[in-house]
Amino acid sequence: MKVLNLQCSHQHAFEGWFASEDDFQSQLTRGLISCPLCADPAIQKMPSAPRLNFGASAQADAQTQPSREVSVPAPASSSPAQDVVAAANPAGQAAFLKALRHVMANTEDVGPRFADEARAMHYGDAEQRNIRGQASRSEAIELIEEGIDVMALPLPAAVKETLQ
């Protein structure tokens, strides 16, 4: 199993698990890999520092010494140099996804009926409840002008699915 640090063109960092380097390249070429935050298919592999297992004798030493991580430089190649950009804050990304999943779990999806449902609740024609759905920009502006609080919320595909 190969665990790779990946990043989309919007600099969202995430991990990908693949059977091999060929498996990663195959999935990337076929467009099967996308960012879990923004669904961007422009993915690049980022440098990573592997953790090396030094065997049973190292396990005995580990009780008296802190664990070691070793950085192995990538082999030189004839390809041109690539710009390396610092990855975004993974803890912040995880917190964002957790908050969005909470919203998904605690709201009713009313789909394109969002504006109508929000109005009905605001004017007392429907029971108050937490809802989410789709509204056009003009519908959202109209709701705000009527004194109905709404908030645009991006929902990446990763929030709608259970990640393994």
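Above: the structure in question.
Rules and cut-offs
- Residues numbered from 1 in each chain as written.
- Predicted model: local features only at pLDDT ≥ 70, side-chain atom pairs only at ≥ 80, totals over all residues.
- Heavy atoms only, no water.
- Pairing = 2+ DSSP bridges.
- Helix = DSSP H or I, 4+ residues; strand = E, 2+ residues; numbered from the N terminus.
- Core = buried A, V, L, I, M, F, W, Y, C linked by side-chain atoms within 4.5 Å.
- Buried < 20%, exposed > 50% of the residue type's maximum accessible area, 1.4 Å probe, protein only.
- Contact = heavy atoms within 4.5 Å.
- Polar contact = N/O pair within 3.5 Å; in protein donor to acceptor, adjacent residues only side chain to side chain.
- Axes fitted to C-alpha atoms, helices over the stretch in contact; angles between N-to-C directions.
- Salt bridge = Lys/Arg side-chain N within 4 Å of Asp/Glu carboxyl O.
- Phe/Tyr/Trp six-rings, centres within 6.5 Å; stacked < 30°, edge-to-face > 60°.

Please explain the pairing of strand S1 (residues 2-8) as it appears in this structure.
Pairing of S1 with strand S2 (residues 13-18) involves six bridges; the strand directions are antiparallel. Across the sheet, the residue bridging to Lys 2 is Phe 18, located in S2. In this antiparallel pair of consecutive strands, S1 and S2, the connection spans four residues, and Gln 11 shows a positive phi of 65°. In terms of strand pairing, S1 meets strand S3 (residues 43-45) through three bridges, oriented antiparallel. Following the sheet pairing, Leu 6 is matched in S3 by Lys 45.

It is not clear to me how the nonpolar core should be interpreted in this structure. Could you clarify?
Core analysis: the largest hydrophobic core is formed by 11 residues, namely Leu 4, Leu 6, Cys 8, Phe 14, Phe 18, Phe 24, Ile 33, Cys 35, Leu 37, Ile 43 and Leu 97. Put simply, the parts of the chain that give this core at least two residues each are S1 and S2. Top contributing element to this core by residue count: S1, with three residues. In contact with Phe 24, not counting residues within four places along its chain, are Leu 4, Leu 6, Phe 18, Ile 33 and Lys 45. If you look at the next biggest cluster of nonpolar residues, it comprises eight residues, including Phe 114, Met 121, Leu 143 and Ile 148.

Sorry, what's going on with the side chain of Asp 40 here?
Along the chain, the position of Asp 40 falls in the loop between helix H1 (21-29) and S3. Here Ala 42 takes part through its backbone nitrogen, which lies 2.9 Å from a polar atom of the side chain of Asp 40. Discounting chain neighbours no more than four positions away, the residues touching Asp 40 are Cys 8, Ser 9, His 10, Ser 34 and Cys 35.

I keep staring at the sheet that holds S1 and nothing clicks. Help me out?
Pairing between the strands of a sheet is mediated by backbone hydrogen bonds and can be parallel or antiparallel. In spatial order, the strands read S2-S1-S3; together these three strands make up an open sheet with antiparallel pairing. Of all strands in the sheet, those with a lone pairing partner are S2 and S3, marking the two edges. Between one strand axis and the next, the sheet turns through 40° on average, direction left out of account. Sheet strands touched by H1: S1, S2 and S3. Its angle to S1, the strand with the most contacts, is close to 30°.

Would you mind showing me how to read the pattern of salt bridges here?
Overall, the coordinates contain six salt bridges when judged by the stated rule. Among the ionic pairs, Lys 45 bridges to Glu 21, the shortest N-O distance being 2.9 Å. Note that Lys 45 is positioned in strand S3 and Glu 21 in helix H1, a separation of 24 residues in sequence. The exposure class of Glu 21 is partly exposed, given its relative accessible area of 25%. The partner of Arg 129 in a salt bridge is Glu 117, and the shortest N-O contact between them spans 2.6 Å.

What exactly am I supposed to notice about the packing of aromatic side chains here?
To describe a pair of aromatic rings, one takes the distance between the centres and the angle between the planes. What the rule picks out here adds up to one aromatic pair. Both rings, one in Phe 18 and one in Phe 24, keep their centres 5.1 Å apart while their planes meet at 70°; by these two values the pair is edge-to-face. Considered together, Phe 18 and Phe 24 belong to a single accessibility category, that of buried residues.

I tried to follow the environment of Gly 147 on my own but got confused; where do I start?
With respect to the helices, strands and loops of the structure, Gly 147 is situated in the loop between helix H5 (137-145) and helix H6 (157-160). A residue is classified by how much of its surface remains accessible, and Gly 147, at 46% relative accessible area, is partly exposed. As a C-alpha pair, Gly 147 and His 122 span 25 residues in sequence and 8.7 Å in three-dimensional space.

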